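# Observations on the three-dimensional arrangement
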Amino acid sequence: MKAGERAEMPLPRTVAVVGLGLMGGSLCRALKALDSPPRVIGWDLRQAAGAMALEAGAIDRFEVGGPEGLAAAGLVVYATPLRATLSLIPRHAGMVREDAVLTDVVSLNEPVLRAAQAAGLSGRFVSAHPICGGESSGFAAGRADLYRGATVWLSAGGEGGGDAHRCVESLWRTLGGSPRWVAPGEHDRRMGWVSHLPQLVANALAAALDAQGCSRDELGPGGRDMTRLAGSNPAIWRDLLEASAPVTGAGLTGVANALNVLADLLARRELDRVADFMERTRRWTAGE
């Protein structure tokens, strides 16, 4: 294999990827880049996405919403937004093979696992969240190495150790990721802080700059880094933020409080205290 460590078990001969955007398209590209790639079936409602994936050699077959590709796959991966995934899981429950393993890359584990349990799939469904991505969307934005080196958080409804658990671990190790198990509720709470909060802070900073008539072209490297996430697709984030609203809202309140402290210190010209504040965050950044 070209990427990652030796897999604990071989991948299924056929993998179906539901959704051919950035995450799903990158997954297809990564699978076909292996020395011994599985047969990859792409499933998407957008004909254009399927045509691009076929032309790029990222998939072997394209399905527009039909059940045939799902019925042929030993592994089904959902790479659709949260709301779409929650809708598709019960619709697909009767279409997938009885021995198929199912997983996702949605980024919130608890609601996905609840949907899988309600659909009778909990013993075969492992929810996954690769810590990677980008502000651009669509198949064209994907790349074969997107998952290489990424931590991949895994959650399941039951105890670990079953074939489904080993299959999904194997998938991510084969693609160069580092799978780690976590309780679904704890995962989603942490993501509200470490993923959703930075997204909204970037949006807020971009909005403040825009209100002052500042364009992104005027920013230096630091400013561009801080506002990069402001270019993310809001359609993808809406449902994630709805699910994490209490935690992310508390995070925004914490950021607002810190900003108010800094604004007050600047207004009073207490720059030594501002420097102390910056030193504390510098140490946090350095892991000291």
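This write-up is about the structure you can find in this document. (Residues numbered from 1 in each chain as written. Predicted model: local features only at pLDDT ≥ 70, side-chain atom pairs only at ≥ 80, totals over all residues. Heavy atoms only, no water.)

## Looking at the sheet that holds strand S3 (residues 61–63)
Basically, it comes down to this: At least two bridges found by DSSP between two strands is the condition for calling them paired. Labels follow the DSSP assignment, with helices taken as runs of H or I lasting at least four residues and strands as runs of E lasting at least two, numbered in each case from the N terminus. Only the stretch in contact is used when fitting a helix axis, every axis being a line fitted to C-alpha atoms; angles between N-to-C directions are given from 0 to 180 degrees.
Read from one edge to the other, the open sheet built from eight strands follows the order S3-S2-S1-S4-S5-S6-S7-S8, with strand pairing classed as mixed. The two strands at the open ends of the sheet, each matched to only one other strand, are S3 and strand S8 (178–181). When the angles between neighbouring strand axes are averaged without regard to direction, this sheet yields 25°.

## Remarks on the environment of Leu-219
Put simply, the rule is: Any two residues having at least one pair of non-hydrogen atoms within 4.5 Å are treated as being in contact.
As for its position among the elements, Leu-219 is in the loop between helix H7 (184–211) and helix H8 (221–227). Each C-alpha atom, one on Leu-219 and one on Leu-209, is 9.8 Å from the other, the two residues being ten residues apart in sequence. With near-sequence residues (within four places) excluded, Leu-219 lies in contact with Leu-209, Arg-224 and Thr-227.

## Some thoughts on the nonpolar core
What counts, and what does not: Buried Ala, Val, Leu, Ile, Met, Phe, Trp, Tyr and Cys residues that are joined via side-chain atoms within 4.5 Å together make up what is termed a nonpolar core. We call a residue buried when its accessible area falls under 20% of the maximum for its residue type, exposed when it is over 50%, and partly exposed in between, using a 1.4 Å probe and counting protein chains only.
Core analysis: the biggest nonpolar cluster contains 36 residues, and Leu-27, Leu-31, Leu-171, Trp-172 and Leu-175 have the highest contact counts within it. Mapped by element, the contributors of at least two residues to this core are strand S1 (14–18), helix H1 (22–32), helix H2 (47–55), strand S4 (75–78), strand S6 (125–130), strand S7 (151–156) and helix H6 (163–174). When residues no more than four places from it in sequence are discounted, the contact partners of Leu-31 are Leu-11, Val-15, Pro-37, Pro-38, Val-40, Leu-171 and Leu-175. Listed in part, the 25 residues of the second largest apolar core include Ala-16, Leu-88, Ala-93 and Trp-237.

## Regarding unusual backbone geometry
Despite not being glycine, Ser-107 has its phi angle at roughly 100°, a positive value. Turning to its location among the elements, Ser-107 is positioned in the loop between strand S5 (101–104) and helix H5 (109–118).

## Focus on the pattern of salt bridges
When their charged atoms lie close together, side chains carrying opposite charge are able to pair. Heads up, the condition is: For this analysis, a salt bridge means a side-chain nitrogen from Lys or Arg found within 4 Å of a carboxyl oxygen belonging to Asp or Glu.
Evaluated as defined, the whole model comprises 18 salt bridges. Linking Arg-268 and Glu-270 is a salt bridge whose minimum nitrogen-to-oxygen distance equals 3.1 Å. What makes Arg-268 partly exposed here is its relative accessible area of 45%. Residue classification places Glu-270 among the partly exposed positions, given a relative accessible area of 22%. The salt bridge partner of Arg-282 is Glu-288, with a shortest N-O separation of 3.2 Å. Judged by its relative accessible area of 39%, Arg-282 is partly exposed. Given the relative accessible area of 62%, Glu-288 is considered exposed.

## What about the packing of aromatic side chains?
Within a pair of aromatic rings, the relevant descriptors are the distance that separates the centres and the angle that separates the planes. Our working definition: Each aromatic pair joins two rings of Phe, Tyr and Trp (for Trp, the six-membered one) with centres within 6.5 Å, and gets the label stacked for planes under 30 degrees apart, edge-to-face for over 60, and tilted for any other angle. Here, a charge over a ring is recorded when the distance from Lys NZ or Arg CZ to the ring centre is within 6 Å and its angle to the ring normal is within 35 degrees.
Across all of its chains, the model carries two aromatic pairs by this definition. Note on Tyr-78 and Phe-125: the rings are 6.3 Å apart at their centroids and 15° apart in plane angle, and the pair reads as stacked. Taken together, the residues span a long stretch of sequence, with Tyr-78 in strand S4 and Phe-125 in strand S6 at a distance of 47 residues. By the burial criterion, Tyr-78 is buried, and Phe-125 matches it. Both rings, one in Tyr-147 and one in Trp-172, keep their centres 5.0 Å apart while their planes meet at 65°; by these two values the pair is edge-to-face. Placement of the pair is Tyr-147 in the loop between S6 and S7 and Trp-172 in helix H6, with a sequence separation of 25 residues. Assessed through its relative accessible area of 0%, Tyr-147 is described here as buried. Given a relative accessible area of 0%, Trp-172 falls into the buried group. Directly above the aromatic system of Phe-277 lies the positively charged group of Arg-280, at a separation of 5.3 Å from the ring centroid.

## Examining the side chain of Asp-188
Put simply, the test is: A positive count includes Lys and Arg, and a negative count includes Asp and Glu. His and the chain ends are not counted in either.
Inspection of the secondary structure assignment puts Asp-188 in helix H7. An unpaired buried charge is present at Asp-188: no salt bridge exists, and Arg-114, the closest side chain of opposite charge, is 6.5 Å distant. If we skip the residues at most four places from it in the chain, Asp-188 touches Leu-108, Asn-109, Glu-110 and Pro-111.

## Digging into the side chain of Thr-248
Looking at the element boundaries, Thr-248 is found in helix H10 (residues 245–267). With near-sequence residues (within four places) excluded, Thr-248 lies in contact with Gly-192, His-196, Leu-197, Leu-200 and Leu-241.

## Thoughts on the state of the cysteines
Keep this limit in mind: Two cysteine sulfurs form what is called a disulfide whenever their separation falls within 2.5 Å.
Using the criterion set out here, one finds zero disulfides in the structure. Not engaged in a disulfide, the cysteine Cys-28 finds its nearest cysteine sulfur in Cys-132; these two sulfurs lie 14 Å apart. Residue Cys-28 is classed as buried on the basis of its relative accessible area, which comes to 0%. Cys-28 supplies the cysteine sulfur nearest to Cys-167, a cysteine that is in no disulfide, at a spacing of 15 Å. Taking the relative accessible area as the measure of exposure, Cys-167 reaches 5% and is therefore buried.

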